[in-house]
Amino acid sequence: MKKHAIIFTTLLGMTATATLFTGCNRPTAREATVNSKIASKLFAMEDLAEVTGKEAAVYVQGGKKDLKISADAKLSQTKLEGSATEKIFKKVIKDETKAALADQLKTGSVAIVVLDDQIKIMKVVADTSNSVDTQLSSLSYMAKMKQLVKANANAQAALVSELEVLKYKSPAELGEKFGLVEITALKIEKHGVLDNEKTDYNEAKSILNVVAKPFELSTHIIVGDEISSGSEEASAKSKTETEE
C-alpha cells in the first residue's frame, strides 16, 4: 500500500511539472503595433475629410470662418481639429509653403484633396474668376481628378477629355461659389490596407504594416515629403501609363 502511494505521488509530481513547463512554453499573443518606420507617416483615409468626398469639409481656423453660402458650393464648415489634420499640416516644411498655409489659416479656409499619389492642400477662395489666379481650380475639376485615379481603362479616355475642358473653366463659369488654389502637395508613398507582417512561414507577427492594394480598396496611406505644385497632370499621366 505504501509502495502504491509513493508511485501515485511521483506520477502526480511529474504531471504537475509537465503542466508547469507546458504553461511556460505556451506563446502569449502580443498586442499588434504599427511598424516604427512608418508610424509618423501613416494615415487612415477615413480620418482625412476631403472637400470633394462624400463628407465634404473645409477646415477653418478655430471654426470661426462663416461660410453662409457654402451649401450652394457643396461645402460644409468644420472646426480645424483632430490629430490627423494637424499631423498632415506638420508635414508642410518648406518655408514658403509653411508661411502661405499659416497666413491662409488666419483669415480663411483650407481644404485637402486625396489623390492616389498625392494629397493636395488648397486654400478656398470666394473670388472665382480666373483673372484673380490662373491656378484656380473648380470643385468639378478636382472631383474628376479623383474619378480618374479610380477609373478603369475604358473610362479613362472620356475623363481625360472632360478634364481638359474643365481645366480652362473658372468655378464661376461652372456656377460654383468657391475656388481652390493649391498651397502645396504631399507625396503618397504607398496606399493599401493595414495588416500584420508575416514570417517566412506565413505566420502573423505582432507588427502592422501597409500591404499594397488598388487605391479604391485602400484604407490607409503612407505620406511622404512635399512635392512641387501643379502636378495633377503628372498624376493623370501616371495613371493612364500604369493601365496601358
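Preceding block: the structure.
Definitions and limits used
- Residues numbered from 1 in each chain as written.
- Predicted model: local features only at pLDDT ≥ 70, side-chain atom pairs only at ≥ 80, totals over all residues.
- Heavy atoms only, no water.
- Phe/Tyr/Trp six-rings, centres within 6.5 Å; stacked < 30°, edge-to-face > 60°.
- Lys NZ or Arg CZ within 6 Å of the ring centre and 35° of its normal.
- Helix = DSSP H or I, 4+ residues; strand = E, 2+ residues; numbered from the N terminus.
- Contact = heavy atoms within 4.5 Å.
- Pairing = 2+ DSSP bridges.
- Buried < 20%, exposed > 50% of the residue type's maximum accessible area, 1.4 Å probe, protein only.
- Polar contact = N/O pair within 3.5 Å; in protein donor to acceptor, adjacent residues only side chain to side chain.
- Core = buried A, V, L, I, M, F, W, Y, C linked by side-chain atoms within 4.5 Å.
- Salt bridge = Lys/Arg side-chain N within 4 Å of Asp/Glu carboxyl O.
- Expected span 1.5 Å × (residues − 1).
- Arc of directions from axis to C-beta.

Draft legend 1. Quick look at the packing of aromatic side chains. For the coordinates displayed, the defined rule picks out 0 aromatic pairs. We note K87 situated over the ring of F43; from NZ or CZ to the ring centre the distance is 4.7 Å.

Draft legend 2. Expanded view of the side chain of N35. Within the secondary structure layout, N35 lies in the loop between strand 1 (33–34) and strand 2 (42–44). Not counting chain neighbours up to four residues away, the residues in contact with N35 comprise E197, I207, L208 and N209.

Draft legend 3. Highlighting the pairing of strand 8 (residues 204–212). Where strand 1 and strand 8 come together, 2 bridges link them in parallel fashion. Among the inter-strand pairings, V34 is bridged to a residue of strand 8, identified as L208. Strand direction decides the pairing type here: strand 7 (residues 179–198) and strand 8, joined by 6 bridges, are antiparallel. Its bridge partner being in strand 8, L194 is matched across the sheet by V210. The antiparallel hairpin formed by strand 7 and strand 8 contains 5 residues in its connecting segment, where N202 sits at a positive phi of about 65 degrees.

Draft legend 4. Region of interest: the environment of Q104. Here Q104 shows up in helix 3 (residues 95–107). You can call Q104 buried: its relative accessible area is 11%. Sequence separation of Q104 and K123 is 19 residues, and the distance between their C-alpha atoms is 6.7 Å. The contacts of Q104, once residues within four sequence positions are left out, are S109, V110, K123, V124 and I183. Here S109 takes part through its backbone oxygen, which lies 2.8 Å from a polar atom of the side chain of Q104.

Draft legend 5. Representation of the nonpolar core. Within the largest apolar cluster, 21 residues are counted, with the highest numbers of intra-cluster contacts made by L48, I88, L101, V114, I119, I121 and I221. Mapped by element, the contributors of at least two residues to this core are helix 2 (83–90), helix 3, strand 5 (109–114), strand 6 (118–125), strand 7 and strand 9 (220–227). The next biggest cluster of nonpolar side chains, apart from the first, holds 17 residues, and it includes A111, L148, L159 and L163.

Draft legend 6. Geometry of the pattern of salt bridges. What the rule picks out here adds up to 3 salt bridges. The residue K41 makes a salt bridge to E189 at a minimum N-O spacing of 2.9 Å. With K41 in the loop between strand 1 and strand 2 and E189 in strand 7, the pair connects residues that are 148 residues apart, well separated along the chain. For K41, a relative accessible area of 22% gives the class partly exposed.

Draft legend 7. Representation of helix 5 (residues 153–166) within the structure. With 14 residues, helix 5 ought to run about 20 Å at 1.5 Å a step, and its terminal C-alpha atoms sit 20 Å apart, in line with that. Regarding helix 5, the residues found buried are Q156, L159, L163 and L166. The arc that holds the buried residues of helix 5, viewed along the axis, is 90 degrees, so those residues lie on one side. Among the exposed residues of helix 5, those pointing more than 90 degrees away from its buried face are N154 and A157. You can read the cap of helix 5 off the contacts: a side-chain oxygen lies 3.2 Å from the backbone nitrogen of N154, and it is on N152.

Coordinates in, geometry out; function isn't part of it.
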